[in-house]
Amino acid sequence: QFFVFCHGLLQLSQLLISGYLKSTISTIERRYGLSSQTSGLLASFNEVGNTLLIVLISYFGSRVHRPRFIGCGAILVSLAGFLMSLPHFITGPYEYDHSIASVFSNATDLCQPDGPGADGNLSDASCTPHTVKENHEVLLVMFVAQALRGIGGVPIQPFGISYIDDFASERNSPLYLGILFSLTVIGPGVAFMLGSAMLHFYVDIDKVIGEEIQLTNKDPRWVGAWWLGYLVAASLVAVSAVPYFFFPREMPKEVGWEKARCFPLVLLRNLRHPVYLLVVLAQVNLSAMVAGLATFMGKYLERQFSLTASFANMIIGAVNIPGSMVGIVVGGAIMKKFRMSLRQCGALCILGTFLCVVLAFPLLFLGCPTQKVAGVTYSERYQELRIPRNGCNLHCNCPEKAYNPICGSDSIEYISPCYAGCNVINIDAVKSSVLNYTNCSCISENGMAGSAKPGTCGTGCSHLLLPFVVLSCLAGILASTSHTPSFMLILRSVQPEDKSFAVGIQFMLLRVLAWMPGPVLYGSAIDTTCILWEKKCDKNAACRYYDNNLFRHR
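Residues numbered from 1 in each chain as written. Predicted model: local features only at pLDDT ≥ 70, side-chain atom pairs only at ≥ 80, totals over all residues. Heavy atoms only, no water.

### Quick look at the overall build of the protein
So, step 1. When helices and strands are counted, the protein shows 20 helices and seven strands.
So, step 2. For the protein, with 554 residues in total, the buried portion stands at 53%.
So, step 3. For the protein, the accessible area works out to roughly 23700 Å², and carbon and sulfur atoms hold 65% of it. (Helix = DSSP H or I, 4+ residues; strand = E, 2+ residues; numbered from the N terminus. Buried < 20%, exposed > 50% of the residue type's maximum accessible area, 1.4 Å probe, protein only. Areas by Shrake-Rupley, 256 points an atom, 1.4 Å probe, with all protein chains shown as cover.)

Structure follows, in structure tokens:
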């Protein structure tokens, strides 16, 4: 029971690191100019290091000191967490608009005949050799940290599950595993809550004083302190690793190392087992969906319902993930109460996933249309989409890379005050913040030049957020009821001496077929819905506007 407690704590803190990456993925994209495909690859890259070792390590599961292996893996995971925060310390301060040179960016982004775009294309300050090299170093550090986290995570779950199942009674084992899996689910939940808290702080909170921060967390250019949570999570993993070095091995040396030559036979024996193989393939399908959604659900909520990254993370951490935890516990409790046979376990899995699909289907239609963005998604006064210029702002000489969204009094969004033809800025002298922009030649208000407020107009359908969250949470609860019975199908259908190895093969297949490609495929699908890209060195960087309907459907 104490081992179950310790292992739940370790998996909770280990998944705090991976969950925290997913909670900050849209922020990291914005900070370093990454596409969703690249960020998806980063999110799944830990599976590379994990996949290379997990089957071999799991094969020797009953022949090694499993608790000590778990402890060593946890130390590597902790190091990887600290390494993930390193890019913040080796790069310069965040520059949220490279096209503007003045101290008060909002004032210099007005319509000016001799403005910064007057000399044609503005030089890209983000494309100096030093900056390009810096961005490459950032990606290298993050990918290495992810690979290291994957290697460290190899022994943790397979050894922990088999250790518990070996020494628990057959009646209590499902309950212990249900408790363990529910604690595991809390990890990402706490991670999203941690992300919600940390993203309230400005990214360079350690480099600039409060008065120098001109943005609010509702500004689409805002980048929160994504790196801070890694320091917290990595410290918790390090503390959780300590008890494992004091657990006994608790198993006689049943088989010597010479049995290694039987590796291919054991592998073939498990892969040819029909129950084992079908259950694992079913888990692959479910896990591929979970891997993609866990990585990009926060970004989806931000874009569909115009939420801040902090609030989107709070919803996922406080509602969706606890719902999945409830489902896992309920699945384990039902198994124990009714002492289910393997056939009944299979029926419970089918029922849970079928009801999940039924409840999830309406989510295809619960979303918001793309907001009207002048020259990007809306062209009534503009000659051509994606070129936000017209007679009303041609005299303004707007810099092409400007991005300082404003919401006009005509309820149309403009990518900067300059593109709206705004000539006057009104500033709150006390707070040093922008109140509004006026005398905007591209905004018509009762036949006169209109005004605009700083920030995005949003999608304007916040009333759909509550039904979306409720349905997605209920679907998650139902799908999660299959978690424990599917694991018991695997553990009870293979030979006792093959348990560690069978779980290792299972996780290897999940990594190769689900967790590794899932986020990349989701990211690639999301990228195909982008309608305006930020440009860095004439290449696509982060996406500024998506087609919300395509985003939702794909």
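More follows now that the structure is in view.
### Some thoughts on unusual backbone geometry
Residues other than glycine predominantly adopt negative phi, and peptide bonds predominantly adopt the trans conformation.
So, step 1. Unlike most non-glycine residues, Arg339 shows phi in positive territory, near 45°.
So, step 2. You can see Arg339 is positioned in the loop between helix H14 (309-338) and helix H15 (342-360).
So, step 3. The backbone of Asn439 shows a phi angle near 55°, a positive value even though the residue is not glycine.
So, step 4. Of note, Asn439 is situated in strand E4 (residues 433-445).

### Quick look at the UniProt feature "transmembrane region" (unreviewed entry) in the protein
So, step 1. Within this structure's numbering, the places UniProt gives as "transmembrane region" (unreviewed entry) are residues 41-62, 69-90, 138-163, 175-203, 223-247, 275-298, 310-334 and 346-366.
So, step 2. As a span, residues 69-90 carries 95% helix and 0% strand, and end to end its C-alpha atoms are 32 Å apart. (UniProt positions renumbered as here; feature names shortened; annotations may be inferred.)

### Structural notes on the environment of Arg552
So, step 1. Note that Arg552 resides in helix H20 (residues 548-553).
So, step 2. Between the C-alpha atom of Arg552 and that of Leu363, which follows or precedes it by 189 residues, the distance is 8.4 Å.
So, step 3. Among residues more than four places away in sequence, those in contact with Arg552 are Tyr300, Gln304, Leu363, Leu364, Phe365, Leu366, Gly367 and Cys368.
So, step 4. Looking at Arg552, its side chain comes within polar contact range of the side chain of Asn549, at 2.8 Å. (Contact = heavy atoms within 4.5 Å. Polar contact = N/O pair within 3.5 Å; in protein donor to acceptor, adjacent residues only side chain to side chain.)

### Here we look at the nonpolar core
Grouped burial of nonpolar side chains is what soluble globular proteins tend to show.
So, step 1. Residues Met142, Ile161, Leu177 and Trp226 are the most contacted members of the largest nonpolar core, which totals 81 residues.
So, step 2. The biggest single contributor to this core is helix H18 (residues 499-515), with nine residues.
So, step 3. Domain assignment of the residues forming this core places at least three in each of domain 1 (1-95 + 133-249) and domain 2 (264-370 + 461-553).
So, step 4. Of all hydrophobic cores here, the second largest spans 26 residues; its members include Leu363, Cys461, Cys530 and Trp533. (Core = buried A, V, L, I, M, F, W, Y, C linked by side-chain atoms within 4.5 Å. Domains from an automatic or database assignment.)

### Notes on the pairing of E4
So, step 1. With six bridges joining them, strand E3 (residues 422-428) and E4 adopt antiparallel strand pairing. Opposite Asn426, over in E4, you have Asn436 as the bridge partner.
So, step 2. Where E4 and strand E5 (residues 448-454) come together, four bridges link them in antiparallel fashion. Pairing of Tyr437 across the sheet is with Ala452, part of E5.
So, step 3. Counting the residues between successive antiparallel strands, the hairpin from E4 to E5 contains two residues, one of them, Asn446, with a positive phi of roughly 55°. (Pairing = 2+ DSSP bridges.)

### Quick notes on the packing of aromatic side chains
So, step 1. Enumeration over the complete set of coordinates arrives at 21 aromatic pairs.
So, step 2. Their ring planes at 70° and their centres at 5.6 Å tell us that Phe361 and Phe365 sit as a pair that is edge-to-face.
So, step 3. In this structure an aromatic cluster arises from ring pairing among Phe2, Phe3, Phe5, Tyr244 and Phe247. (Phe/Tyr/Trp six-rings, centres within 6.5 Å; stacked < 30°, edge-to-face > 60°.)

### Here we look at the state of the cysteines
So, step 1. Tallying each qualifying case throughout the model produces six disulfides.
So, step 2. The residue that forms a disulfide with Cys368 is Cys461, at a sulfur-sulfur distance of 1.5 Å. Looking down the S-S bond of the Cys368 and Cys461 bridge, the torsion is -125°, so its handedness is left-handed. One end of the pair, Cys368, is in the loop between H15 and strand E1 (406-408); the other, Cys461, is in the loop between E5 and helix H16 (465-480), with 93 residues separating them in the sequence.
So, step 3. Overall, the relative accessible area of 6% leaves Cys461 in the buried class.
So, step 4. Across a sulfur-sulfur distance of 2.0 Å, Cys422 and Cys440 are joined as a disulfide pair. (Disulfide = S-S within 2.5 Å.)

### Some points on the pattern of salt bridges
So, step 1. Enumeration according to the criterion identifies four salt bridges in this entry.
So, step 2. Residues Arg30 and Glu302 are paired through a salt bridge, measuring 3.8 Å at the closest nitrogen-oxygen approach. Here Glu302 lies in helix H13 (residues 274-305) and Arg30 lies in helix H2 (residues 25-32), a separation of 272 residues in the sequence.
So, step 3. Exposure remark for Arg30: the relative accessible area of 23% places this residue in the partly exposed category.
So, step 4. Across the pair Arg511 and Glu47 runs a salt bridge, and its minimum N-O distance is 2.9 Å. In this pair, Arg511 is assigned in helix H18 and Glu47 in helix H4 (residues 46-59), connecting sequence segments 464 residues apart.
So, step 5. The buried category is assigned to Glu47, whose relative accessible area is 8%. (Salt bridge = Lys/Arg side-chain N within 4 Å of Asp/Glu carboxyl O.)

### A closer look at a nonpolar patch on the surface
So, step 1. A grouping of Leu52, Leu53, Ile75, Leu76, Leu79, Ile151, Val242, Phe245 and Phe246 is seen on the molecular surface, where their side chains present a nonpolar patch of about 820 Å² in accessible area.
So, step 2. If you list the elements that add at least two residues to the nonpolar patch, you get H4 and helix H5 (66-84).
So, step 3. Considering each element in turn, the nonpolar patch owes the most residues, three residues, to H5.
So, step 4. Here Phe246 lies in the loop between helix H11 (228-241) and helix H12 (263-271).
So, step 5. Judged by relative accessible area, which is 68%, Phe246 ranks as exposed. (Patch = residues over 30% accessible without salt bridge, like charges linked within 9 Å, V, L, I, M, F, W, Y side chains within 5 Å.)

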